[in-house]
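Geometric and topological summary
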Protein chains: 2
Amino acid sequence: MADSTGEFAFIDWLRRRTPVAGRTLIGPGDDAALLDWAGGANCIATTDMLLEGSCFILADAGPRRVGRKAMSVNLSDIAAMAGRPIAALVSVGLPRHGGRALAEELYLGMREVADAFDTAIVGGDTNSWDGPLVVSVTILGEATPRGVVRRSGARPGDWLMVTGPLGGSILGKHLDFTPRVREALQLHEAAPLRAMIDVSDGLAADVNHICEESGGGAVLYAEAIPITDAARGMNDGRSPLEHALGDGEDFELVFAVAPEDGCKLVDTQPVAGVTLTKIGEFVVEKGLWLDENGIRRTLAPNGYVHAID
Amino acid sequence: MADSTGEFAFIDWLRRRTPVAGRTLIGPGDDAALLDWAGGANCIATTDMLLEGSCFILADAGPRRVGRKAMSVNLSDIAAMAGRPIAALVSVGLPRHGGRALAEELYLGMREVADAFDTAIVGGDTNSWDGPLVVSVTILGEATPRGVVRRSGARPGDWLMVTGPLGGSILGKHLDFTPRVREALQLHEAAPLRAMIDVSDGLAADVNHICEESGGGAVLYAEAIPITDAARGMNDGRSPLEHALGDGEDFELVFAVAPEDGCKLVDTQPVAGVTLTKIGEFVVEKGLWLDENGIRRTLAPNGYVHAID
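Per chain, residues are indexed from 1 in the order of the written sequence. Each chain gets a letter, beginning with A, and each ligand a number, beginning with 1, in the order they are written. Given that the model is predicted, a residue must reach a pLDDT of at least 70 before its local features are reported, and side-chain atom pairs must reach 80 or more before they are shown or counted; all residues, however, enter totals for whole chains, interfaces and linings.

**Notes on the overall build of chain A**
- Runs of E in the DSSP output that reach at least two residues are strands. Runs of H or I that reach at least four are helices, and both are numbered from the N terminus. Per the secondary structure count, chain A includes ten helices and 13 strands.
- Throughout, the radius of gyration refers to the C-alpha atoms, and the reference size of a globule is 2.2 Å times the residue count to the power 0.38. In terms of overall dimensions, chain A is globule-like: its C-alpha atoms have a radius of gyration of 19 Å, near the 19 Å expected for 309 residues.
- With the C-alpha coordinates aligned to their principal axes, the bounding extent of chain A is approximately 60 × 55 × 40 Å.
- Exposure in this text rests on C-beta crowding, where 20 or more other C-beta atoms within 10 Å of a residue's own make it buried, 12 or fewer make it exposed, and counts in between make it partly exposed. The C-beta atoms are placed from the backbone. Considering chain A as a whole, with its 309 residues, one finds that 61% of them fall into the buried category.
- Residue pairs qualify as contacts under a 7 Å threshold applied to their C-beta atoms, which are placed from the backbone. Long-range contacts, defined as pairs at least 24 residues apart, comprise 79% of the intrachain contacts of chain A with a sequence gap of at least 6.

In structure tokens:
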């Protein structure tokens, strides 16, 4: 789900009109839907659309990286459910001039990522029009025997943890990140994950989604939040921490685990290639706070840290 | 799959790069993909994107009819496989001004059709941008115990049949058609269907798809092709028959059956609400012909009837 004005209000409106019933185990409002399939199986499904000029600048990124991103953002949603991806469908709206060459590059970029995650591109729809490039990907997957991880299972006292450093993705990572599909599956094997989301809207916003769905609040520890070198190098008047809290499209995973499981994960670091870091705790009281040197201030979902309450 | 310049060439390019292997039972190039799912189940998946100005004129159609069409074209692809739809995912790119009201109308239109076919809208992605309206729908379904019907199973001597009259859909039917989901399931119960496609590109083009996939040709009987009143009333220099052969987006089903099954279907008319009509035969020789009063002429996939060979 991309971050756009009014999107969350519209999703709320949608959810009120979308009963979870019949074959729908999880409907709109999580990282992906979960369907009850025949034969005792299940189907995880998610979709994300990238729009030229809004989600990427084609001249800067080039079509191959756009293809990679279109596939990766969807795989990241499957990862956020701790699911295993299986297949992808791709719809594109191509500009009339140069559309064929663009389509091939786009497809090759998508294939690079899809192949790396054993995801077959099984179908799609190709259109030409007078507008800019539009790419919509849907990925289908399945849950492991451990089931999916929702946004709604965090409990007071749970540790909030993250798979990697945050902030400044606009400098490149938003196009070139690796979706945390393998890491999510390893994590879910290593400990029972109670809630999880991928950082697409920004750390504060995405932790806030967990809070809203789980019915509670969160305290984040400023000193503990891992920050990227990219965020540290940005010289735009916002601090590295503000970038880590507010920037979107890091595509790391934020998850909640019981404290004893959190301890174990920090000590054993069971996931190759990433450092699991405790960044906060889930609390009973609804809201979002940033704890900095023992001083607790209100944190807005957009990452803005309020003056002392 | 919408009809756009170069689309078929690009799909061929895609297919050469998309091995049917692993979980993919049917990949790109049919009306929908078929996946091998856990527990002996299967998953049919299809996607179609509608672009403002290219696939619809928003000011003429209104957002609710666009929503209905976006859902219906995808359900028509599930019907063409004789599948049963289960769930839909929807991605939209909304113009910034008035996007919320537009989104609600669009969604209500989609829900009307989805509800009528027991299809749950389980997820999606909502974006705002400076471009025109874009709607991409993916539908997931499953095959009945009879399996899916592909484009590739027609055999020489098979009858080619259609579920309803064709032509002139631009006058309204392209927005307001009812996808032949129920009819396809009833047909598939009534007789073994060897090949099927929905008429989206135009009768000649879609019969040509069956020919190419099945490895043969087809003769259509001009006198037998049912023609809509809309096509008969068009006064644009093209005959009603030319409209029936060449116009797209009728969303009737064209299918191939063994002659004895075709006879039975014509005699018993087992599908409520539609008249099943024999319009031609599948033949060994590759190509497409129109037989008019016993004179056989070459028929181009775009519906153009050549001078006598």
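**Considering the interface of chain B and chain A**
- Contacts between the two partners involve 60 residues from chain B and, on the opposite side, 60 residues from chain A.
- Of all the secondary structure elements, the ones that give two or more residues to the side of chain B that touches chain A are α1 (7-16), β2 (33-36), β3 (42-51), β4 (83-95), α4 (99-116), β5 (120-129) and β6 (134-143) of chain B.
- The element contributing the most residues to the side of chain B that touches chain A is β5(B), with ten residues.
- For this classification, Asp, Glu, Lys and Arg are treated as charged, while Ala, Val, Leu, Ile, Met, Phe, Trp, Tyr, Cys and Pro are nonpolar and the rest, including Gly, are polar. Taken together, the residues of the side of chain B that touches chain A sort by class into 29 nonpolar, 23 polar and eight charged.

**Some points on the nonpolar core**
- Each nonpolar core consists of buried Ala, Val, Leu, Ile, Met, Phe, Trp, Tyr and Cys residues. Their C-beta atoms, within 7 Å, join them into a set. Ranked by size, the top nonpolar core spans 203 residues in total, and within it A:A45 and B:A45 carry the most contacts.
- Not counting chain neighbours up to four residues away, the residues in contact with A:A45 comprise A:A32, A:A33, A:L35, A:T138, A:L140, B:A87, B:L89, B:V122, B:G123 and B:L140.

**Here's the deal with the relation of the copies chain B and chain A**
- C-alpha atoms of residues with pLDDT of at least 70 in both copies form the basis for the least-squares superposition of the copies. Overlaying chain B with chain A gives an RMSD of 0.0 Å, the required rotation being 180° about an axis along which the chain moves by 0.0 Å. Look at the turn and shift together and you get a two-fold axis relating the two. Of the C-alpha atoms belonging to chain B, the one lying closest to the rotation axis is found on B:G39, 2.3 Å away.
- A high fraction, 100%, of the interface residues of chain B reappear at the interface in chain A, so the copies pair face to face through one surface.

Interpretation in functional terms is not warranted from these geometric data alone.
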